[in-house]
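# Chain and residue survey
Residues per chain are reported as follows:
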There are 2 protein chains.
Amino acid sequence: MPPRQTRITSVMEEIQARIASRVWQPGARLPSVRTLARSRNLSVSTVVEAYERLVAENLIVARPGSGFYVVGPTAPLTLMQSDPTEREIDPLWISRQSLDAGQTALKPGCGWLPESWMYEEGLRRALRSTARGHTPLLTDYSPPAGHPELRQLLTRRLGISGIQIPPQQLMLTESGTQAIDLICRFLLEPGDTVLVDDPCYFNFHALLRAHRAKIVGIPWHSDGPDLQAFDAALRHHRPRLYITNSGIQNPTGATLSPAIAHRLLKLAEAANLVVVEDDIFADLEHSPAPRLAAFDGLERTIAIGSFSKTVSASLRCGFIAARRDWLESLIDLKIATSFSGGGLAAEVLLRVLTDGGYRRHMDALRARLSLAMERAIERLAPLGITPWLIPQAGMFLWCQLPPGIDAESLARECLTNGVILAPGNAFSQSRSAQRFVRFNVSRTDEPHLYHVLEHALHHLCRSNHGADCGER
Amino acid sequence: MPPRQTRITSVMEEIQARIASRVWQPGARLPSVRTLARSRNLSVSTVVEAYERLVAENLIVARPGSGFYVVGPTAPLTLMQSDPTEREIDPLWISRQSLDAGQTALKPGCGWLPESWMYEEGLRRALRSTARGHTPLLTDYSPPAGHPELRQLLTRRLGISGIQIPPQQLMLTESGTQAIDLICRFLLEPGDTVLVDDPCYFNFHALLRAHRAKIVGIPWHSDGPDLQAFDAALRHHRPRLYITNSGIQNPTGATLSPAIAHRLLKLAEAANLVVVEDDIFADLEHSPAPRLAAFDGLERTIAIGSFSKTVSASLRCGFIAARRDWLESLIDLKIATSFSGGGLAAEVLLRVLTDGGYRRHMDALRARLSLAMERAIERLAPLGITPWLIPQAGMFLWCQLPPGIDAESLARECLTNGVILAPGNAFSQSRSAQRFVRFNVSRTDEPHLYHVLEHALHHLCRSNHGADCGER
């Protein structure tokens, strides 16, 4: 690429990064061509060219006589190109990749278990018995809060992790994601600040963008969020909401320590912050980690979850446990935006969960995951890919790449060979995880994966003199 | 009630109405106590008392030294009380009533068919065969756009109503409501204006409120919207979106004439207006009415639909047919806000729709509805309740009440006797339908319904000297 092209591209990339990280908010005016050219020691024509290409990509708009502006708030989710290899590695990149990929692709970056690991037999049984079920469940709408028996079962399950609530404090949703979406609709104004862990589940970024929220990442350690950074963020940004995982954190696999949980809640209370605790991996834990919701009795914590990771991703059903006064409004919002939930899915799920086989299936699944975790660690080591922490449970392994290797480049390289990785920066609000990759150990058994990785690493080393290839 | 109480209440009601109809937008400052007192010839203390009660109801907030303000945008859906009889008759009133009601309640106001009218046997068959289905469909996520075979089938079905598109222009959603919700997220900024029919499906109001849109109602005639009012609204409000029903309009049962459809699209094009056509009652039509989406080939029209009214409300699955460039962004928004759709529901629906029995079931259902329609008209006549128009098809009958009878009072009266009505103003943005009620003719067979109606009408007549009870 001729030097001028390189300069144009780097200007474009810098601007794209600022828009993606919302340093430049939708609607914000970009620096004038002259200002930017001067500050970057570039020719005006270079900046003009960069701006015009960004206009062509619908990232920014030109207002004649006024300058260039970041496209409006509906845009952040509309920027993305449809060609997977071309597409920006944005929060939705991995989702689209993993969902789009055919059965042949290897998906160590994918966030769920292979079909063969799911509780298939129980699900088939549940479908057959549901087919004989009571008519209203099959054809009619559910009550606003959702299937009563399932809500009772879920409250009993929450009781086990120390969250004692009556069924009136629990509503069903179409999914865990919809649960968070409803909470955002209920609590957030456009422009409100939301705290997330850095790194965190990438779809939190996409969801919060759709709500036009300002996202602030809190560095995440092996025992929970960095409380100093958390405290500082509370002071400087006055956030409305903090969204985190309970139990096994995605992507790191780390769990919250009781001490951090306690201090975090005290800070949240002082700042009148609402905490959303996403409990989606609960059933994968060997021994339950502390739950914020249990500590504060759902005073300012909202617990959400779903069974898409352990029963079926195809069967849509999630839940919200919250203060009763909040729940009423959340139910209204659910009706307004998705009407009534799927009673059929809830009925099937109820039958799966109350089937004695589910517990046995989960015991076997946890054991299988531990084993896969060990094997993955062993087999990644020779490639210089090392775990940031060895998780107590779950399917995720958050790994550091060899020096000089950039995760996005590795992901693009692997994608061309039918391997879908989850590059670190998709999880990182500060985009400081460029040397990290999340592996789903239930999808790391194929020897071919390690060949592709090794080949890609070597290729990147050769093309990158900064990289220390000596390690391998 | 002492006169002062009456005055306080009427001030409160006036303010509530203005907030509900968004004449006063969330965040807007209310007139000062003095100003309002002067303009209404009321004592300052009366207005103060009214304001303070509205503060207690969380409808408005007092900012010391600054005045009273309509509560913020998240509020409109949080105002509502949970006690059904107490609750304001707002857009969600009927939904919550109908969804909450036990099996014993009569629900002529409810918007869907009784379970016994649905295609139960086909659904049970579909569940049994799905239980034997291919594993990924049972446990894995669907591709972003949704179940491929179902999308193909739906595009073929759209083709029959003249909407010729490739499957790439159709995506699945969790429901028809979610379909509209995604479109609003994609196209609307808070404060944007949206046109709806007046009257229209009440949940459009609730959904648009959740998006903080300004809602403008266009008077609806027996052959479509009033084009003069439509044209005027385009000029004065520069709306972004027009949401309407295709085929059978809810609540009136009227259908769009080709002439109106053609002129409407010309106006929409001139004003660069996007039209959302909700096709949810398609399968209830004897002969298909014109589709706006067919006229403009999905240039600026977006077609949506679902099968909750004809197959199962418990099986959540809807769709969006739109321009390909829009669809990509809609898919991103779907992933961000609800991740992947329910492949299982889509698979069951596919099996129901491709089962030869479905067509026969629908033929019988249409005949049954026509018959129920005739009977309902006959039996309502003696009560002085007369149809505004006799629909060609569908389940809804939009009826006018006897002079002096207010639909909300009738609805409250009937609710105390276990009958849930759909009062006209829940459908009317201008709240000008206080003398109308929507009946679902599939739920008007019970003789008890007519006893309750008659009793309630007499009671209201006696307590209302304005009413002309002579008619009956």
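Anything mentioned here points back to the structure above.
Read on for a plain summary of the structure. Note that the structure is a prediction, hence the values are computed from the model and not measured.

## Points about the interface of chain A and chain B
Each side of the interface is counted separately: chain A has 76 residues, and chain B has 76 residues. Broken down residue by residue, the surface that chain A buries against chain B is led by Leu99(A), Thr139(A) and Tyr141(A), which jointly contribute 11%. Between Arg316(A) and Glu174(B) there is a salt bridge, and its shortest N-O distance comes to 3.7 Å. On inspection of chain A and its partner chain B, the count reaches 36 residue pairs in polar contact (both at pLDDT 80 or more). When residues in the side of chain A that touches chain B are grouped by element, the largest group, 9 residues, is from helix α13 (residues 324-338) of chain A.

## Quick look at the nonpolar core
Residues Ile320(A) and Ile320(B) are the most contacted members of the largest nonpolar core, which totals 259 residues. The contacts of Ile320(A), once residues within four sequence positions are left out, are Gln169(A), Leu170(A), Met171(A), Thr173(A), Ala179(A), Leu182(A), Ile183(A), Ile302(A), Ala303(A), Ile304(A), Leu327(A) and Leu330(A).

## Points about the packing of aromatic side chains
All names here are of chain A. According to the stated counting rule, one finds 26 aromatic pairs over all chains in the structure shown. The interplanar angle of 80° and the centroid separation of 5.5 Å between the aromatic rings of Trp398 and Phe427 together place this pair among those described as edge-to-face. Of this pair, Trp398 sits in strand β12 (residues 396-400) while Phe427 sits in the loop between β13 (422-423) and β14 (436-440); the two residues are 29 residues apart in sequence, bridging distant segments of the chain. The class of Trp398 is buried, set by a relative accessible area of 3%. Every member of this aromatic cluster is reached through a ring pair, and the members are Tyr201, Phe202, Phe204, Trp398, Phe427 and Phe436. The residue whose ring lies beneath Arg438 is Phe396, and the NZ or CZ to ring-centre distance is 4.0 Å.

## A closer look at the sheet that holds strand β14 (residues 436-440) of chain B
All names here are of chain B. The strand order β11-β12-β14-β13 describes an open sheet built from 4 strands, whose pairing is antiparallel. Across the chains shown, the open sheet's two edge strands, defined by having one partner strand only, are β11 (386-387) and β13 (422-423). The pairing of strand β12 (residues 396-400) with β14 spans 5 bridges and is classified as antiparallel. Along β14, the bridge assignment pairs Leu397 with Phe439.

## Focus on the side chain of Gln178(B)
Looking at where Gln178(B) falls in the secondary structure, it is placed in helix α8 (residues 176-187). In terms of polar contacts, Gln178(B) uses its side chain to reach the side chain of Ser338(B), at 2.9 Å.

## A look at helix α11 (residues 258-270) of chain A
Side chains that are three or four residues apart share a direction in an α-helix, a result of its 3.6 residues per turn. Residue and element names in this part refer to chain A. For α11, spanning 13 residues, the distance from its first C-alpha to its last is 19 Å, which sits close to the expected 18 Å at 1.5 Å a residue. Those residues of α11 that fall on the buried side of the exposure criterion are Ile260, Ala261, Leu264, Leu265 and Ala268. Projected down its long axis, α11 shows its buried positions confined to an angular sector of 130°, all on one face. Summarising the geometry of α11, the exposed residues directed more than 90 degrees from the buried face are Lys266, Glu269 and Ala270. Contact partners of the buried residues in α11: β6 (224-225), α10 (227-237), β7 (241-245), β8 (274-278), α12 (292-296) and β9 (301-306).

So, how was this worked out
Residues numbered from 1 in each chain as written. Chains lettered and ligands numbered in written order. Predicted model: local features only at pLDDT ≥ 70, side-chain atom pairs only at ≥ 80, totals over all residues. Heavy atoms only, no water. Contact = heavy atoms within 4.5 Å. Buried area = accessible area lost by both parts, 1.4 Å probe. Salt bridge = Lys/Arg side-chain N within 4 Å of Asp/Glu carboxyl O. Polar contact = N/O pair within 3.5 Å; in protein donor to acceptor, adjacent residues only side chain to side chain. Helix = DSSP H or I, 4+ residues; strand = E, 2+ residues; numbered from the N terminus. Core = buried A, V, L, I, M, F, W, Y, C linked by side-chain atoms within 4.5 Å. Buried < 20%, exposed > 50% of the residue type's maximum accessible area, 1.4 Å probe, protein only. Phe/Tyr/Trp six-rings, centres within 6.5 Å; stacked < 30°, edge-to-face > 60°. Lys NZ or Arg CZ within 6 Å of the ring centre and 35° of its normal. Pairing = 2+ DSSP bridges. Expected span 1.5 Å × (residues − 1). Arc of directions from axis to C-beta.

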